[in-house]
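Analysis of the macromolecular model
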Amino acid sequence: MASADADEAPLLSEEPLCPGSCSRELELREFRDRYVIRSLDGAAAFAVARSGGSIRPLSPEEAAAGAGSDCKVSRIYGVVGIIRLLAGSYVLVITSRKDAGSYQGSPVYHVNSMKFLCCNEAIKHLTPQERRDEAYFMSLLRIAETTCGLYYSYVRDLTLNLQRASKLAAGRVHKPLWKQADPRFVWNKNLLEELIEAKLDEFIIPLIQGSFQSAQFTLKDRPVRITLFSRRCNRRLGTRMWRRGANLEGATANFVETEQLVEYEGLTSSFIQVRGSIPLLWEQIVDLSYKPRLSIIEHEETPKVVQRHFHDLSQRYGEAIVIDLTDKRGDEGDLSNAFAAEMGRIPGVRYIHFDFHHVCRGGNFDNLQALYNQIEEAIHKQGYFLMNTKGEILLEQSGVVRSNCIDCLDRTNVTQSFLARKSLDSQLQRMGALLSSESISLSDNINDIFKKLWVEHGDELSLEYAGSYALKGDLVRYGRQTLPGLIKDGMSALSRYYLNNFHDGVRQDALDLISGYYTVSQGSSSPFHNGGFESSSLDGMHNT
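Throughout this description, residue numbers start from 1 for each chain and increase along the sequence as written. Two thresholds apply to this predicted model, a pLDDT of at least 70 for residue-level local features and 80 or more for giving and counting side-chain atom pairs, whereas whole-chain, interface and lining totals are computed over all residues. Think of the side-chain values as coming from all heavy atoms in the structure, minus any hydrogens and water.

As recorded by an unreviewed UniProt entry, the chain carries the name SAC domain-containing protein and is attributed to Sorghum bicolor.

Looking at the overall build of the chain
Condition: Counting from the N terminus, the helices are DSSP H or I runs at least four residues long and the strands are E runs at least two residues long. Burial classes: relative accessible area under 20% of the type maximum marks a residue as buried, over 50% as exposed, and values in between as partly exposed (1.4 Å probe, protein chains only). Contact criterion: two residues are considered in contact whenever any of their non-hydrogen atoms come within 4.5 Å of each other. Where accessible areas are quoted, they stem from the Shrake-Rupley method and a 1.4 Å probe; at the residue level, only the protein chains shown are allowed to cover.
For the chain, the count of helices and strands is 15 helices and 20 strands. Counting the 544 residues in the chain, one finds 56% classified as buried. Counting only contacts in the chain whose residues sit at least 6 apart along the sequence, the fraction spanning at least 24 positions is 69%. For the chain, the exposed area adds up to about 22600 Å²; of that, 51% sits on carbon and sulfur atoms.

Things to note about the pairing of strand S11 (residues 222-232)
The side chains of a regular strand alternate, first on one face of the sheet and then on the other. Short version of the rule: Following DSSP output, two strands are said to pair if at least two bridges run between them.
Of all eleven residues in S11, eight are buried; the element is thus mostly enclosed. As paired strands, strand S10 (residues 208-219) and S11 are joined by ten bridges and run antiparallel to one another. Bridged to threonine 218 within S11 is proline 223. What sits between the antiparallel neighbours S10 and S11 is a turn of two residues, in which lysine 220 has the positive phi angle 55°.

What to know about the environment of valine 91
Inspection of the secondary structure assignment puts valine 91 in strand S7 (residues 88-103). According to the relative accessible area criterion, valine 91 is buried, its value standing at 1%. Sequence spacing of valine 91 and valine 48 is 43 residues, and the spatial spacing of their C-alpha atoms is 8.6 Å.

Quick look at the sheet that holds strand S5 (residues 72-76)
What counts is decided by this rule: All axes are obtained by fitting lines to C-alpha atoms, using only the stretch in contact for helices, and the reported angles, taken between N-to-C directions, cover 0 to 180 degrees.
Overall, antiparallel pairing links the five strands, which are arranged S4-S3-S2-S1-S5 in an open sheet. A strand with exactly one partner marks an edge of an open sheet, and here the two such strands are strand S4 (55-57) and S5. The mean inter-strand angle of the sheet, taken between neighbouring strand axes irrespective of direction, is 20°. Both strand S1 (residues 26-30) and strand S2 (residues 34-39) contribute to a ladder of five bridges, which runs antiparallel. Across the sheet, residue arginine 29 finds its bridge partner in S2, namely valine 36.

A short note on the packing of aromatic side chains
Worth spelling out the cut-off: Ring pairs shown here join Phe, Tyr and Trp side chains whose ring centres sit within 6.5 Å, with only the six-membered ring taken for Trp; geometry is labelled stacked below 30 degrees between planes, edge-to-face above 60, and tilted in between. The criterion is that NZ of a Lys, or CZ of an Arg, lies within 6 Å of the ring centre and within 35 degrees of the ring normal, and then a charge sits over that ring.
As enumerated under the stated definition, the model contains nine aromatic pairs in all. Geometrically, the ring pair formed by phenylalanine 212 and phenylalanine 229 is edge-to-face, given 5.1 Å between the ring centres and 85° between the ring planes. Here phenylalanine 212, found in strand S10, pairs with phenylalanine 229, found in strand S11; they are 17 residues apart in sequence, far enough to count as distant. Judged by its relative accessible area of 4%, phenylalanine 212 falls in the buried class. In this structure, arginine 421 packs its charged tip against the face of phenylalanine 418, placed 5.5 Å from the ring centre.

Topic: helix H6 (residues 302-317)
Defined as follows: An expected span of 1.5 Å times one less than the residue number is assigned to each helix. It is the directions from the helix axis to the C-beta atoms whose arc is reported.
Taking 1.5 Å per residue, 16 residues should reach 22 Å; H6 reaches 23 Å between its end C-alpha atoms and fits that length. The complete set of buried residues in H6 reads Thr302, Val305, Val306, His309, Phe310, Leu313 and Tyr317. The buried residues of H6 occupy an angular sector of 115° when the element is viewed end-on, so they sit on one face. Where H6 is buried, its residues touch strand S12 (256-264), strand S13 (267-275), strand S16 (319-324), helix H7 (330-343) and strand S20 (399-404). With its phi angle positive at about 95°, glycine 318 sits one or two positions after the end of H6.

Description of the environment of phenylalanine 271
Relative to the helices and strands, phenylalanine 271 resides in strand S13. In this structure phenylalanine 271 comes out as buried when scored by relative accessible area, which is 4%. Separated by 126 residues in sequence, phenylalanine 271 and glutamine 397 place their C-alpha atoms 7.4 Å apart. For phenylalanine 271, the contacting residues outside a window of four places in its chain are Thr258, Glu259, Gln260, Gly383, Tyr384, Gln397, Leu419, Ala420, Ser423 and Gln427.

Looking at unusual backbone geometry
Look at lysine 220: it is not a glycine, yet its phi comes out positive at around 55°. In this fold, lysine 220 is placed in the loop between S10 and S11. Notably, aspartate 221 is not glycine yet its phi reads approximately 60°, a positive angle. Along the chain, aspartate 221 falls in the loop between S10 and S11.

Below, the structure written as structure tokens:
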């Protein structure tokens with residue numbers, strides 16, 4: 001594992017680059033006419049012209065030239081990508097990082113800060129309207145610089161869960177990281193295109209957005225490591241209320257794959273769950289009310305949208321169990337009923353409605369046992385993935401539980417943590433760390449560690465979608481609601497209201513820009529002439 005403070009590591013890495021891995025230590029030189037980015041643990045380097053952003057790979061001699069000249073030299077930790085706007089290009093680089101732990105023996109880093117390098121001297125040739133547009137686009141880039149929950153590795157593809165990765169050809173690990181990656185989970189996918197075109201594989205780092213939490217405890221005098229790893233899908237990227245439901249291709253807002261890894265005595269197991277917005281065409285128009293009305297969009301493609309979503313799910317994960325945690329009353333009830341009606345037409349997918357607020361009213365987390373009783377047999381049948389130190393597969397997970405509420409944040413996280421605890425007991429029993437009659441619940445210390453992981457995981461995913469901490473964290477941590485928890489939830493709810501109405505629209509613009517949903521080009525009309533940059537809800541459903 002990397003040192004606790006990765007930013008204090010030696011400037012020149014002692015180990016040479018492995019095949020397929022990326023440069024870990026980079027030097028940025030800022031000249032008057034160009035930026036030069038040079039690998040310090042490899043031989044690669046490239047220059048970006050400040051006049052317009054053209055990229056040119058450099059030979060070792062060219063990279064070394066000008067080292068003593070008048071230029072600003074700094075250290076960076078990765079190139080996130082390049083975006084081209086009206087006046088030129090902007091290069092996004094990682095300016096600080098933090099060691100987040102390790103995944104299968106490889107260091108994982110959290111992005112602490114990023115910065116766009118401007119290559120936009122052509123701004124002086126723009127029309128007044130284009131200058132105004134570019135100024136707004138640049139303000140969106142400043143928002144993108146502050147994106148939270150980004151993780152990466154220089155040597156390992158983080159986009160694939162352990163079961164998928166273990167079944168791919170061994171030679172795959174010698175390919176560049178971006179070629180190994182699952183495009184769905186590469187947050188900077190759109191930003192990498194120019195680097196890929198320039199064949200700068202050593203600099204191309206796929207970032208994932210999600211959560212990475214890890215902890216260790218002891219059972220039978222042996223260490224157990226548990227890692228909670230979530231990957232957010234980029235197909236319908238957005239903020240709460242500004243991205244709801246599915247697009248016409250069946251991709252849903254806030255779709256997240258969560259992997260719970262357990263390592264004990266040379267054995268490694270993995271349990272996968274997924275969450276995602278209700279895969280119908282629906283919206284929630286922000287109108288300054290505390291709880292805007294939900295609206296189902298009538299569309300002839302709706303049945304096909306649902307079919308496409310679950311076909312994709314079955315192809316990737318196997319048999320799906322769908323847990324719908326929405327209320328049965330009001331707008332939520334109407335949406336839930338429409339979802340149930342569509343699910344009745346999907347063969348081979350088990351749909352269960354569980355009114356979380358009604359059954360768990362009073363904050364009683366343990367009432368989720370009633371839900372578990374309905375699906376226990378199916379969960380055991382789906383199982384989990386297990387392999388030994390030789391990489392031999394002992395068990396495979398044959399299906400997945402897909403949970404949702406309205407935001408797929410609070411009720412969903414509580415429910416997923418409950419199912420994950422049940423699976424953890426099974427995993428540890430199979431590994432020999434627990435007897436068949438034992439549970440981690442018998443140890444307050446271990447139980448607290450597990451709950452803390454899931455609370456922090458829920459908070460991180462909530463910050464990414466809603467901009468605030470998760471609600472109902474008490475239910476995960478204590479199994480009941482407490483007064484301090486109620487106060488914290490009230491503050492988070494107020495924060496969400498403010499952000500939804502006064503900040504998330506602009507944040508959505510930034511996501512649309514960097515994800516390539518909106519393409520900037522000279523000669524096309526300004527996107528701000530018709531009331532703003534935000535896409536209409538129906539157009540937004542085409543975001544892939």
